[in-house]
Amino acid sequence: HVAGGVRLYRQGADARTLRVGLLQGNIAQDMKSRDLDNAVAIRATYEDLTTRAQKAGAELAIWPEAAWPGRPDPGIVLFPFATGTIPVIIG
C-alpha cells in the first residue's frame, strides 16, 4: 500500500485519468448453467452494457469472470459487437 501511494503521489499533475466501465450483467444462474443455449442473450446483455459504458465516457470496458458463454473461438479476430473505439477485457 505504501509503495503504491508513493508511486501515485510522485506522478503528480501529469498523470492521466482513465475512465473504466466495470460491467456486471446480473445473469441468472440458470442461464449461466446453460450458457451455450443462452449465448446470444448473454452476449447481448454485455454488448448493451459495453455500449452504455462507452456512451457514459468509459475508455475501457471490463467484463466479469466467466462472462463469455462457452469458450471463445480462437479464430475470432474481432468480437461481433466490437465498435473499435474502446478496448474490452473479458475476465
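Residues numbered from 1 in each chain as written. Predicted model: local features only at pLDDT ≥ 70, side-chain atom pairs only at ≥ 80, totals over all residues. Heavy atoms only, no water.

Some thoughts on helix α3 (residues 39–55)
Phase 1 of the analysis: Counted at 1.5 Å a residue, the expected span for α3 with its 17 residues is 24 Å, and the 24 Å between its end C-alpha atoms agrees.
Phase 2 of the analysis: Residues of α3 that are buried: Ala 39, Ile 42, Tyr 46, Leu 49, Thr 50 and Ala 53. Angularly, the buried residues of α3 cover 105° about the axis, an arc narrow enough to put them on a single face. Seen from the buried face of α3, the exposed residues on the opposite side, beyond 90 degrees, are Val 40, Arg 52 and Lys 55.
Phase 3 of the analysis: Elements in contact with the buried residues of α3: β1 (20–22), α2 (29–33), β2 (60–63) and β3 (88–90).
Phase 4 of the analysis: Phi turns positive one or two residues past the end of α3, at Gly 57, with a value near 105°. (Helix = DSSP H or I, 4+ residues; strand = E, 2+ residues; numbered from the N terminus. Expected span 1.5 Å × (residues − 1). Buried < 20%, exposed > 50% of the residue type's maximum accessible area, 1.4 Å probe, protein only. Arc of directions from axis to C-beta. Contact = heavy atoms within 4.5 Å.)

Regarding the nonpolar core
One broad rule of soluble globular proteins: the nonpolar side chains tend to lie buried together.
Phase 1 of the analysis: Residues Leu 23, Ile 27, Ile 42, Tyr 46, Leu 49, Ala 53, Ala 58, Ala 61, Trp 63, Ala 67, Trp 68 and Ile 86 constitute the largest nonpolar core, which totals twelve residues.
Phase 2 of the analysis: Going through the elements one at a time, α3 and β2 are the ones with two or more residues in this core.
Phase 3 of the analysis: Here this core takes four residues from α3, the largest share from any one element.
Phase 4 of the analysis: If near-sequence neighbours (up to four positions away) are discounted, Ile 42 is found in contact with Ile 27, Met 31, Asp 35, Ala 67 and Pro 69. (Core = buried A, V, L, I, M, F, W, Y, C linked by side-chain atoms within 4.5 Å.)

A word on the sheet that holds β1
Phase 1 of the analysis: Pairing is parallel in the open sheet, where three strands are placed in the order β1-β2-β3. Each edge of the open sheet carries a strand with a single partner, namely β1 and β3. Shown here is a sheet whose adjacent strand axes are inclined to one another by a mean of 15°, direction ignored. (Pairing = 2+ DSSP bridges. Axes fitted to C-alpha atoms, helices over the stretch in contact; angles between N-to-C directions.)

Brief notes about the environment of Ser 33
Phase 1 of the analysis: Tracing the backbone through its elements, the reader meets Ser 33 in helix α2.
Phase 2 of the analysis: Linking Ser 33 and Pro 69, residues 36 residues apart in sequence, is a C-alpha distance of 9.6 Å.

Brief notes about the pattern of salt bridges
Phase 1 of the analysis: As enumerated under the stated definition, the model contains one salt bridge in all.
Phase 2 of the analysis: A salt bridge links Asp 48 to Arg 52, with the nearest nitrogen and oxygen atoms 3.3 Å apart. Of this pair, Asp 48 and Arg 52 both sit in helix α3, four residues apart, roughly one helical turn.
Phase 3 of the analysis: Looking at Arg 52, the relative accessible area reads 52%, which means it is exposed. (Salt bridge = Lys/Arg side-chain N within 4 Å of Asp/Glu carboxyl O.)

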